[in-house]
Amino acid sequence: MDRTLIIVKPDAVQRGLIGEIIARFEGRGLKIVGMKLMQIDEALARRHYGVHEGKPFFEGLIRYITSAPVVVMVLQGPGAIEAARSTMGATNPVQAAPGTIRADYGLEIGRNLVHGSDGPETARKEIDLFFREEELVDWAREADRWILE
Ligand code: DAT
Ligand code: MG
């Protein structure tokens, strides 16, 4: 089963949108197999966003993601990466489709509320970066037979 790493970013936590954002993913049928509130330190932020190092927005991105607590989650389900990305919407909230998290709650690319892994390899790397194996819970959800054929 596919897994993806989601981060409810500092702006979303500060704005009281944790529950709203989790509900979008949960309602869609993605299963939460890991979740915690934490404050990302600079070293972890630089590793997580390593692919963007050197870009003009990089230092601002590091300041933003370390500026307040975040909620990190591992979501599981068929096509979890793509499903989560489409629920999030485009990177720039003004270009995101209405109904997506970023469109419904955001206006600027630097305050876009939520992170989701962009591919299977990134997902594996990001999950390892944020969670120890024993922090992930492999549980049977009773509703699965009504969500998954
Ligand atoms: P995504 O978060 O949709 O995967 P990304 O991986 O390209 O987008 O970029 C990571 C984050 O960096 C993104 O959520 C917001 C910020 N960012 C990306 N491009 C930016 C830009 N041109 N200006 C400012 N911030 C940017
Ligand atoms: Mg990305």
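Attention here is on the structure that accompanies the text. (Residues numbered from 1 in each chain as written. Chains lettered and ligands numbered in written order. Predicted model: local features only at pLDDT ≥ 70, side-chain atom pairs only at ≥ 80, totals over all residues. Heavy atoms only, no water.)

This part is about helix H5 (residues 80-88). Those residues of H5 that fall on the buried side of the exposure criterion are Ala80, Ile81, Ala83, Ala84, Thr87 and Met88. Viewed end-on, H5 has its buried residues packed into an arc of 170°, placing them on one side of the element. Looking at the packing, one finds that the buried side of H5 touches strand E1 (3-8), helix H2 (18-28), strand E3 (70-76), helix H6 (101-105), strand E4 (114-116) and helix H7 (120-130). Of the residues trailing H5, Gly89 is marked for its positive phi of about 95°. (Buried < 20%, exposed > 50% of the residue type's maximum accessible area, 1.4 Å probe, protein only. Helix = DSSP H or I, 4+ residues; strand = E, 2+ residues; numbered from the N terminus. Arc of directions from axis to C-beta. Contact = heavy atoms within 4.5 Å.)

For the rest of this paragraph, the subject is the sheet that holds E3. Judged by pairing direction, the sheet is antiparallel, and its four strands sit side by side in the order E2-E3-E1-E4 without closing on themselves. Sheet topology places strand E2 (31-38) and E4 at the edges, where each strand pairs with a single neighbour. Strand after strand, the sheet turns through a mean of 15° between neighbouring axes, direction not considered. For E1 and E3, the ladder comprises six bridges, and the chain directions are antiparallel. Across the sheet, residue Arg3 finds its bridge partner in E3, namely Gln76. (Pairing = 2+ DSSP bridges. Axes fitted to C-alpha atoms, helices over the stretch in contact; angles between N-to-C directions.)

On to the side chain of Ser117. Structurally, the position occupied by Ser117 is in the loop between E4 and H7. Overall, the relative accessible area of 0% leaves Ser117 in the buried class. One polar contact links the side chain of Ser117 to the main-chain amide nitrogen of Leu5, over a distance of 3.0 Å. Here Glu126 takes part through its side chain, which lies 2.7 Å from a polar atom of the side chain of Ser117. Among residues more than four places away in sequence, those in contact with Ser117 are Thr4, Leu5, Ile81, Arg85, Thr122, Ala123 and Glu126. (Polar contact = N/O pair within 3.5 Å; in protein donor to acceptor, adjacent residues only side chain to side chain.)

A word on the packing of aromatic side chains. Evaluated as defined, the whole model comprises zero aromatic pairs. Positioned over the ring face of Trp139 is Lys31, at 5.4 Å from the centre of the ring. We note Lys36 situated over the ring of Phe131; from NZ or CZ to the ring centre the distance is 4.6 Å. (Phe/Tyr/Trp six-rings, centres within 6.5 Å; stacked < 30°, edge-to-face > 60°. Lys NZ or Arg CZ within 6 Å of the ring centre and 35° of its normal.)

Most of E1 is tucked away, with five of its six residues classed as buried. Relative to E4, E1 runs antiparallel, the two sharing three bridges. Within the sheet, the bridge partner assigned to Val8 lies in E4 and is Val114.

Attention now goes to the site of ligand 1. Every residue near ligand 1 is listed here: Lys9, Tyr49, His52, Phe57, Leu61, Arg85, Thr91, Arg102, Ile109 and Asn112. One of the side-chain nitrogen or oxygen atoms of Lys9 is found 3.1 Å away from an oxygen atom of ligand 1. Within the side chain of Arg85, one N or O atom sits 2.8 Å away from an oxygen atom of ligand 1. The fraction of the free accessible surface of ligand 1 (520 Å²) that becomes covered by protein chains is 74%. Along the lines of polarity and charge, the residues of the shell around ligand 1 split into four nonpolar, three polar and three charged. (Near = heavy atom within 4 Å. Areas by Shrake-Rupley, 256 points an atom, 1.4 Å probe, with all protein chains shown as cover. Nonpolar A, V, L, I, M, F, W, Y, C, P; charged D, E, K, R; others polar.)

Another point: the side chain of Glu126. Tracing the chain through its elements places Glu126 in helix H7. Summary of buried charges: Glu126 has no salt-bridge partner, and the nearest side chain of opposite charge, Arg85, is 7.6 Å away. Look past the residues within four positions of Glu126 in its chain and what remains in contact with it is Leu5, His48, His115 and Ser117. (Lys, Arg positive; Asp, Glu negative; His and termini not counted. Salt bridge = Lys/Arg side-chain N within 4 Å of Asp/Glu carboxyl O.)

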